[in-house]
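Report on the structure
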Amino acid sequence: MEVSVTLWVLTILGLAALIAVDFFIGRKPHDVSIREAGIWTVVWIALACLFGLGLLVFGGGQPAGEFFAGFVTEKSLSVDNLFVFVLIMAKFAVPSQYQQRVLLVGVLIALVLRAAFIAAGAAILASFSWVFYLFGAFLIWTAWKLIQEARSEEEDEEFEENKLLKAVERRFGVADRYHGTKLWLRQNGKRVMTPMLVVMLAIGTTDVLFALDSIPAIFGLTQDAYIVFTANAFALMGLRQLYFLIGGLLKKLVHLSYGLSVILGFIGVKLVLHALHESGVHVPEISIPVSLGVICAVLAVTTITSLMASRKQAEVEEVREQQGGGARKDSIDA
């Protein structure tokens, strides 16, 4: 799809306006209710759908299909980010009324960094078509790694700060407590960061690690940088509300890693087939409608099986508690 500079500028301005409205509405620190999170989640999804319909009307079925496939993929992969966001909030003991501000700025940092990743990825793919093989192999390897992590009984219960974040903390210093929404303050004549800024940087830079698999994944669905960027933008901008909406349900999505591994492996195979096709090898290519159908089907099955497994596990634990209570009562009676 041919995208003019004017359209790029208008799109970025439009996204900036949406972010400004979101910031203005949530500018006062407060605890986000399920109702508020649900309304804004629906609003962001509706805006993404309207954008996709706009692509359908003005660009045709191909760009619209690629956008929706990319948006669903990025949205599903971003849910996995929420697990780490929960750990980050716990690590830095972020007060509940400040969490929405932290997520808003953190996601904005992530969006800017992803834009740089997307620009670099588009330039590399345009110059070196063999990179498709690397992207495909990397996604297949990531899919296998996800399965191994899902089968492992070990769970990371604490967030580990990356080296960049530790270096920034050493360079500027960090205040010993939160000071409202302030990012900087002066202590003993020295300008230091507040924990609020540190946790924002933690969320923004940690998301870059997730982009290492999500960016190649969406490039496996479309090589249009405009669609890649907008799909990422809409998926990320609704992530803050999704955090508050399904935060309590995250532990119930026990099969999410398996579903994501299937999606990444599928897109990895699609990338390899595309690379072979570009090299002149006669192999079948997977169309966008098929890709979108597979992705949606995998997410639906994963969600259903996760909820069923969580419900069954809850019932087992309830029976154990009842049996344990009965055993204690018998012991006391004896």
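Residues numbered from 1 in each chain as written. Predicted model: local features only at pLDDT ≥ 70, side-chain atom pairs only at ≥ 80, totals over all residues. Heavy atoms only, no water.

1. Focus on the side chain of T41
Which entries qualify depends on this criterion: A helix here means a DSSP run of H or I that spans at least four residues, while a strand means a run of E at least two residues long, and both kinds are numbered starting from the N terminus. Should any heavy atoms of two residues lie within 4.5 Å, those residues are considered in contact.
Assignment of secondary structure puts T41 in helix α2 (residues 34–59). The contact partners of T41, leaving out residues within four places of it in the chain, are Q241, L242 and L245.

2. Observations regarding the layout of surface pockets
Quick reminder of the rule: We place a 1 Å grid over just the protein atoms. Points where a 1.4 Å probe fits but has no way out form a cavity, open points with protein on both sides within 12 Å along at least 5 of 7 lines form a pocket, and any residue with an atom within 4 Å of a point lines it. Grid points are joined across faces, edges and corners, and a volume is the space filled by probe spheres set on the points. Following the grouping adopted for this structure description, the nonpolar residues are Ala, Val, Leu, Ile, Met, Phe, Trp, Tyr, Cys and Pro, the charged ones are Asp, Glu, Lys and Arg, and the polar ones are all others, Gly among them.
Roughly 420 Å³ of internal volume is contained in the second largest pocket. If you trace the second largest pocket, you find 16 residues lining it, with S76, V79, I246, L253 and T303 closest to the centre. When residues of the lining of the second largest pocket are traced back to their parent elements, those giving at least two are α3 (61–91), α9 (239–246) and α11 (288–333). Across the lining of the second largest pocket, the residue classes break down as 11 nonpolar, four polar and one charged.

3. Looking at the environment of V290
Short version of the rule: Three exposure classes are used, based on accessible area relative to the maximum for each residue type with a 1.4 Å probe and protein chains only: buried under 20%, partly exposed in between, and exposed over 50%.
Along the chain, V290 turns up in helix α11. Since its relative accessible area comes to 43%, V290 is described here as partly exposed. Between the C-alpha atoms of V290 and A69, which are 221 residues apart in sequence, the distance is 9.7 Å.

4. Regarding the nonpolar core
Nonpolar side chains tend toward joint burial in soluble globular proteins. We apply this condition: Throughout this description, the term nonpolar core refers to a set of buried Ala, Val, Leu, Ile, Met, Phe, Trp, Tyr and Cys residues connected via side-chain atoms within 4.5 Å.
By size, the foremost hydrophobic cluster in this structure holds 80 residues, and its most contacted members are F67, F85, I88, F92, V94, V102 and F234. When sequence neighbours within four positions are dropped, the list of residues in contact with F85 reads L103, I203, L239 and Y243.

5. Some thoughts on the packing of aromatic side chains
The description of an aromatic ring pair rests on the distance of the ring centres and on the angle between the ring planes. Going by this rule: Note on aromatic contacts: the rings of Phe and Tyr and the six-membered ring of Trp form a pair at centre separations within 6.5 Å, being stacked when their planes are under 30 degrees apart, edge-to-face when over 60 apart, and tilted otherwise.
Across all of its chains, the model carries 11 aromatic pairs by this definition. Each ring, one from W8 and one from Y226, has its centre 5.2 Å from the other, and the planes form 90 degrees; the classification is edge-to-face. Of this pair, W8 sits in helix α1 (residues 5–25) while Y226 sits in helix α8 (residues 225–237), and the two are 218 residues apart along the sequence. Taking relative accessible area as the criterion, W8 reaches 27% and is therefore assigned partly exposed.

6. As for empty space enclosed by the protein
If you walk through the whole model with that rule in mind, you get four cavities of 30 Å³ or more. Within this model, the largest cavity holds a volume of roughly 90 Å³. As for the largest cavity, its lining consists of I19, D22, W44, L103, L104, V107, L108, L111, L236, M237 and R240. Elements that contribute at least two residues to the lining of the largest cavity include exactly α1, α4 (99–127) and α8. Tallying contributions element by element places α4 first for the lining of the largest cavity, with five residues. Tallied by class, residues from the lining of the largest cavity come to nine nonpolar, no polar and two charged. Here the second largest cavity defines a volume of roughly 60 Å³. Breaking the lining of the second largest cavity down by element, the ones donating at least two residues are α1, α2 and α9. Sorting elements by how many residues they give to the lining of the second largest cavity places α9 first, with three residues.

7. Focus: helix α10 (residues 256–278)
Defined as follows: A helix is expected to reach a length of 1.5 Å times the quantity of its residues less one.
Taking 1.5 Å of rise per residue, the 23 residues of α10 would be expected to cover 33 Å, and the 33 Å separating its terminal C-alpha atoms lies within 8% of that figure. G280 sits one or two residues past α10 and shows a positive phi near 95 degrees.

8. Observations concerning the pattern of salt bridges
Cut-off, in case you're wondering: The term salt bridge refers to a pairing of a side-chain nitrogen on Lys or Arg with a carboxyl oxygen on Asp or Glu at a separation within 4 Å.
On inspection of all chains with the given rule, the structure shows two salt bridges. With a closest N to O distance of 3.1 Å, E74 and R114 form a salt bridge. Of the two residues, E74 is situated in helix α3 and R114 in helix α4; the sequence distance between them amounts to 40 residues. Accessibility classification places E74 together with R114 in one group, the buried group. One salt bridge connects R311 with E315, and the closest N-O pair in it is separated by 3.8 Å. With a gap of four residues between them, R311 and E315 both fall in helix α11, about one helical turn apart. Here E315 falls in the partly exposed class, since its relative accessible area comes to 44%.

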